[in-house]
Amino acid sequence: MARAPWRRYGGRVIPPHHPETDIEVAPAEADAGRRNMMLLIQLRWIAVVGQLVTIAIVHWLMDIVLPIGALLIAPALLVAVNIASLPLVLRRSGVANAELFVALLLDVGALTWQLHLTGGLSNPFASLFLMQVVIGAMLLKPWSSWAIVAATGIGLASLTFDHQPLVLSDIYLYDPLELYLQGSLVCFALIAVLLVLLVTRINRNLRDRDEALANIRQQAAEENHIVRMGLLASGAAHELGTPLSSLSVILGDWRRMPQLSADPELVRDIADMQAEVVRCKAIVSGILMSAGEARGVAPSVTTMRRFLNEIVADWRASRLPGTLDFDDRFGEDMPIVSDPALKQVLSNVIDNATEVSPDWIGITVRRHREELVIEIADKGPGFPPEMLTSFGQPYRSTKGRPGGGLGLFLLVNVLRKMGGHAEPTNRREGGATVRLSLPIEAIAFHGSAL
C-alpha cells in the first residue's frame, strides 16, 4: 500500500496519516459484491463458449436449421457486457447489489431470446432458467432474488405463447423425444458443472471474508494492546522526568562546589553521572515521542545510509567489536525522515539476536524495487516451529520470562503501521534470520512537501 510522504505540520515534520492531521483508514477488505461480479463475468464467459459450441454442433453437425444471425446477438451482447464491465470492476473497490441484479437480468434476457428462437419450452435448455434463480438466491439480497424469480417466470410465460419452433431434419421427426432426452442430458451436465464452479467459488469467497474479518479483529486487539502499553510507557516516562531533572540540577551544583571540584577523580565521576542522566533523559524523550507527547521535538531529516550507519555504530559502541557483520547493498543514498520508533525496533531485533548469538550478528541491507529490506541473521538455535507461526504475537517468546515477546510484537506492529512486514526464517547453516521489509515511500523525505 502506497503511503503519503512525510510533511510539515504546525512547524514539525510528521509522518503520513498522523493523528493530528488525519486518520489513517485501513485498506478495505475484499468486497463481496466485487468478487461476486467477477464470478458472474467468469460464468458468463463459460456460458458464451457453451452457447457458441452448442449452436455450431446443432446447426452444422446435427443439420438442424437455426437462425444463426439472430441467435448470435445474445452471445455478442454478453461478450460486449463482459468487456465493458471488467475494467470498471477491476478499478473499483465494491459492487452494489443493484448492479449484480442488472447483470443477472441481462443473462435472463439473453437466455429468453435464445429459447424464443429455438423452440421455447420444448427446448431442453429451458432448465437453465433454474440456474439463474440459484445464482440470484446465492448472490443477491432477498428482494432482488425474488425479482429474478419473477423475471424468469415472465420469460417462461412469454415462451409459452410466443416462440419459433425448431425445424427438425427427417431423422429426428420420427422420434423427437430422443432428441429432447439427449438435450436434457447435456443441459444437466452443464448445470452440474456450473453449480459446482459457483458453489466452490462462493465458499472460497466466504472463507476469504472470514479470514479478513479475523485479521481485522486481531489487528484491533493488538492495537488496543499497543495503546495500553503506550499509556504505561508514557506514564512511567513522565514519572521519571522529575527525578532525572532533579539529579541533573544536583550534579551541576556538585560540580561547582569547591570541595568537590578540587578532586579530579570526583570530577570525572560526576561527569560520568551527568552523561548517564543525559542519556536517561534522551530515552525518556524518545518514549514520549513514540507516544505522541513530545510536542517540541520533531523527527530529524537524514539519509538512508546515515540512519543505518548510526544504528550499527551505536550497537558497536556498546558491544564487543568485531561481532557485527554489516553488509550495505542499498545502492544510491537518499534523504529520509528518521523515525525513532523504527530505530528502536531495529535495535530490539539486534539485541534479541545478540542474546542467542553473542559471537556473530549479520546485518544485510538492500533495496528491492521500492522497498527497504533489512535482514538480521544470527548463529543461534533458530526459531521453533510454533514461533514461526506465531511470530509477533504478544507474550510469545522462547526466553521463558514474564513479558517476553513484546519486542517482536512492537516490531511487527510498527512495520505494519508503516506498510511493511517482518518475516522470520531459519537458516540452513544454523541460526535464524528476521527479514524486515518497508516501503521506502513510508520514510522518504520530499523537500518540496515542506
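No experiment lies behind these values; they were computed from the predicted model shown.

Caption draft 1: Region of interest: the pattern of salt bridges. Summed over the entire model, instances satisfying the criterion amount to 12 salt bridges. The partner of Lys-343 in a salt bridge is Glu-310, with the nearest N and O atoms 3.9 Å apart. Taken as a pair, Lys-343 in helix α12 (residues 340–356) and Glu-310 in helix α11 (residues 304–318) lie far apart in primary sequence, 33 residues in all. Assessed through its relative accessible area of 25%, Lys-343 is described here as partly exposed. Where salt bridges share partners, they join Arg-366, Glu-375, Glu-423 and Arg-435 into one cluster.

Caption draft 2: Region of interest: a nonpolar patch on the surface. There is a patch of nonpolar side chains on the surface, built from Val-49, Val-53, Ile-57 and Leu-61 and spanning about 370 Å² of accessible area. Inspection of the secondary structure puts Val-53 in helix α1 (residues 32–61). Judged by its relative accessible area of 43%, Val-53 falls in the partly exposed class.

Caption draft 3: Seen up close, the packing of α1 against helix α3 (residues 73–91). Interhelical geometry of α1 versus α3 gives an angle of 155° and a closest axis separation of 10 Å. Relative to α3, α1 is oriented roughly antiparallel. The hand of the α1/α3 crossing is left-handed. Here Arg-34, Met-37, Met-38, Ile-41, Arg-44, Trp-45, Val-48, Gln-51 and Leu-52 of α1 lie close against α3, whose contacting residues are Pro-75, Leu-78, Val-79, Val-81, Asn-82, Ile-83, Ser-85, Leu-86, Val-89 and Leu-90. Partitioned by chemical class, the residues of the contact of α1 with α3 number 14 nonpolar, three polar and two charged.

Caption draft 4: Up close: the layout of surface pockets. Considering only enclosed or pocket space, the second largest pocket measures out at about 1000 Å³ in volume. Lining the second largest pocket are 41 residues; nearest its centre among them are Thr-54, Leu-115, Asn-123, Phe-125 and Leu-128. Among the secondary structure elements, those contributing two or more residues to the lining of the second largest pocket are α1, α4 (97–117), α5 (128–139) and α8 (176–256). Here the lining of the second largest pocket gets 11 residues from one element, more than from any other, and that element is α1. Taken together, the residues of the lining of the second largest pocket sort by class into 28 nonpolar, 11 polar and two charged.

Caption draft 5: Quick peek at the environment of Leu-39. Here Leu-39 shows up in helix α1. The exposure class of Leu-39 is buried, given its relative accessible area of 3%. As a C-alpha pair, Leu-39 and Leu-139 span 100 residues in sequence and 9.9 Å in three-dimensional space. Each residue touching Leu-39, except ones within four places of it in the same chain, is listed here: Leu-198, Arg-201 and Ile-202.

The rules behind these values
Residues numbered from 1 in each chain as written. Predicted model: local features only at pLDDT ≥ 70, side-chain atom pairs only at ≥ 80, totals over all residues. Heavy atoms only, no water. Salt bridge = Lys/Arg side-chain N within 4 Å of Asp/Glu carboxyl O. Helix = DSSP H or I, 4+ residues; strand = E, 2+ residues; numbered from the N terminus. Buried < 20%, exposed > 50% of the residue type's maximum accessible area, 1.4 Å probe, protein only. Patch = residues over 30% accessible without salt bridge, like charges linked within 9 Å, V, L, I, M, F, W, Y side chains within 5 Å. Areas by Shrake-Rupley, 256 points an atom, 1.4 Å probe, with all protein chains shown as cover. Axes fitted to C-alpha atoms, helices over the stretch in contact; angles between N-to-C directions. Parallel < 35°, antiparallel > 145°, perpendicular 65-115°, else oblique. Left-handed = near helix turned anticlockwise from the far one by under 90°. Contact = heavy atoms within 4.5 Å. Nonpolar A, V, L, I, M, F, W, Y, C, P; charged D, E, K, R; others polar. 1 Å grid on protein atoms, 1.4 Å probe; cavity = no way out; pocket = protein on both sides within 12 Å on 5 of 7 lines; lining within 4 Å. Points joined across faces, edges and corners; volume = space filled by probe spheres on them.

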